[in-house]
Amino acid sequence: MRPAPHRISGAAFTGLARGGGGAQAVAELRAAQASKHRLLVRLLVDDAQNGLVTRAYEALSEMETVAPEEVDRCLRHPAVGAWALRACRGRADPGRLAAVALAAGVRTRTACRLEVPVRGGALMLPSLGLMTLPDAGPEVAVASAEPSDGGAELRVGRHVRQVDTSREGPGWQVLHRVPFGPGVLMTIDDLDAYRWPGDDADERLTEERRQRWASCLGEAHKVLQAHHWTMGEEIAVAVSVLTPVVTRSLEQHSASSRDTFGTIASSDPIDGMGMALTLAHELQHAKLYALSDVVELTRPDDGRRYYAPWRPDPRPLNGLLHGAYAHAGVAGFWRRHTEDPGHGPHAQVEFARWREAAYQVTGTLLDSGALTEAGTRFVATLRDTLARWRAEPVSPAAAAQARLQAERHRKAWTADPAQA
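Rules used in this analysis
- Every chain's residues receive numbers from 1 upward, in the order its sequence appears when written.
- Note on the predicted model: pLDDT of at least 70 is required for a residue's local features to be given, and 80 or more for side-chain atom pairs to be given and counted; whole-chain, interface and lining totals, by contrast, use all residues.
- Note that the side-chain values use all heavy atoms of the structure and ignore hydrogens as well as water.
- Within this document, salt bridges are pairs made up of a side-chain nitrogen of Lys or Arg and a carboxyl oxygen of Asp or Glu, the two lying within 4 Å of each other.
- Each helix corresponds to a stretch of at least 4 residues labelled H or I by DSSP, and each strand to a stretch of at least 2 residues labelled E; elements are numbered beginning at the N terminus.
- Throughout this description, buried means an accessible area under 20% of the type-specific maximum (1.4 Å probe, protein chains only), exposed means over 50%, and partly exposed covers the range between.
- Side-chain atoms within 4.5 Å link the members of a nonpolar core, which is a set of buried Ala, Val, Leu, Ile, Met, Phe, Trp, Tyr and Cys residues.
- Two residues qualify as a contact provided that any one of their heavy atoms is within 4.5 Å of a heavy atom in the partner residue.
- Here an angle of 0 to 180 degrees is reported between the N-to-C directions of two axes, which are lines fitted to C-alpha atoms, with helices fitted over the stretch in contact.
- Note that the term roughly parallel is reserved for angles under 35 degrees, roughly antiparallel for angles over 145, roughly perpendicular for angles of 65 to 115, and oblique for everything else.
- When the near helix sits turned anticlockwise from the far one by under a right angle, the crossing is termed left-handed; a clockwise turn instead gives a right-handed crossing.
- Pairs of strands are assigned from DSSP output, requiring at least two bridges between the strands.

> Could you clarify how one ought to interpret the pattern of salt bridges in this entry?
Pairing of side chains with opposite charge becomes possible as their charged atoms draw close. Following the criterion strictly, the structure yields 26 salt bridges and no others. Notably, a salt bridge pairs Arg73 with Glu70, separated by 2.9 Å at the nearest N-O pair. In this pair, Arg73 and Glu70 both sit in helix H4 (residues 68-76), three residues apart, roughly one turn of the helix. Assessed through its relative accessible area of 36%, Arg73 is described here as partly exposed. Overall, the relative accessible area of 25% leaves Glu70 in the partly exposed class.

> Teacher, can you tell me more about the nonpolar core here?
Within soluble globular proteins, side chains that are nonpolar generally end up buried alongside one another. Ile235, Leu242, Leu279, Leu291, Leu297, Leu365 and Phe378 are the most contacted members of the largest nonpolar core, which totals 74 residues. In this view, Leu297 contacts Phe13, Leu288, Leu291, Ser292, Leu321, Leu371, Thr372, Ala374, Gly375 and Phe378; residues no more than four positions away in its chain are not counted. In this structure, Leu85, Ala103, Val156 and Tyr194 belong to the second largest nonpolar core, which totals 50 residues.

> What am I meant to see in the packing of H4 against helix H6 (residues 97-108) here?
What describes two packed helices is the angle between their axes and the distance between those same axes. Relative to each other, H4 and H6 sit at 140°, their axes nearing to 9 Å. Put simply, H4 runs oblique to H6. Here H4 runs over H6; the crossing is right-handed. On H6, the residues that touch Glu70, Val71, Arg73, Cys74 and Leu75 of H4 are Val100, Ala103, Ala104, Arg107 and Thr108.

> Mind showing me how you'd approach the pairing of strand E9 (residues 185-188) here?
When a strand is regular, its side chains alternate between the sheet's two faces. Direction of pairing for strand E8 (residues 177-179) relative to E9: antiparallel, over a ladder of three bridges. Bridge assignment links Pro179 to a residue of E9, and that residue is Leu185. Examined bridge by bridge, E9 and strand E10 (residues 241-244) share two bridges and lie parallel to one another. Bridging across to E10, Ile188 finds its partner in Leu242.

> What exactly am I supposed to notice about the sheet that holds strand E5 (residues 151-156) here?
Within a sheet, adjacent strands bond to each other through the backbone by hydrogen bonds, running parallel or antiparallel. With respect to topology, four strands assemble into an open sheet ordered E1-E4-E5-E6, the strand pairing being antiparallel. Of all the strands in the sheet, the pair left with one neighbour each is strand E1 (112-117) and strand E6 (159-164). Strand-to-strand, the axes of this sheet are offset by a mean angle of 25°, without reference to chain direction. Here strand E4 (residues 140-148) runs beside E5; their pairing, made up of six bridges, is antiparallel. From the neighbouring strand, Ala145 faces E5, where its bridge partner is Leu154. Together, E1 and E4 form the strand contacts of helix H3 (residues 51-66), whose direction differs from that of E1 by roughly 140°.

> Mind showing me how you'd approach unusual backbone geometry here?
One non-glycine residue, Gln49, lies in the positive phi region at around 50°. Topologically, Gln49 is positioned in the loop between helix H2 (22-48) and H3. Unusually for a residue other than glycine, Ser127 sits at a positive phi of about 80°. Examined against the element boundaries, Ser127 turns out to sit in the loop between strand E2 (122-125) and strand E3 (129-132).

This is the structure in structure tokens:
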């Protein structure tokens, strides 16, 4: 399981800097993230000097020789990368690699037998689901997986569970998958302890809520297919997991994390259009996080903080860059809806406001002196895209409303940067 070198082609860099990139550029980012996960696993194996961890790594290596795609899918699961990073920092148990190997065994239909940590009577198989036991038992137990119809028979100590990759069973909670267009499934990860680094992870979805998510995701795909086909293709490559989070707002809340590439966290979706916008917004963050792991775009934080037209708080330069890139994506999303019968007037306001906000912030970024050479090329290219969009007409009413909203935000921020 050797990690490949982390590289991004010049064509992919330029495409991403323009605000898009396409499926091929995003595939390069995903490959770099997969290599990052493998490197983290290799590092924790070397550092752990633990027989349990070593045997799990050897089992994964053997399975990869016969089913490389399934092992790669298992290792690319966002929660696996988040756990591996924490384990390398001494903040998580390296022994969880045995659970990753068992999950790969189920995926590849390979019989395997390993020692695995079992705490609190639960064993998480990353990317698949959670096995629960009637009693806590020892913290480390021998687990074996034998292929069976629909998944595997998993034995942990004296307890046996039928692990089905598509449905629940006694002592087995599956990670449900929902379709995102033909041939693409997204996993709703509402179980794994490493699914989200924040403290706002929501509880397991009920059947009713899960159906709501599936319905809104399906409607979002229709919106993207009709108006944003390139973006839809990028999402299909980049996003594999949706994680529910809680929010106190009546609006849909969403987020992304550098530690969990491939995951978009969201509160319950309101409708398909809102879900499509959420995917478009968070896709930009995901792309920039992944690119920043390969190409250094900003210099070390020097303590300066900047006004961001979309935030109530002053932002560091890297946060400002993320906001500019994400809101360029938001502007690009609404740009495709300015003539819609139902969304046109609102879309024109949103397009006008966020293209201008992102354009102004790219100027701040370029004037900061805190971008690297690559970062300067990236931001300058993005600014060129936004400059072209600024020349596109919107109605006088939409332009006036966009200016009014921007002025109100700036005025509130000036009065109290924490309460804008």
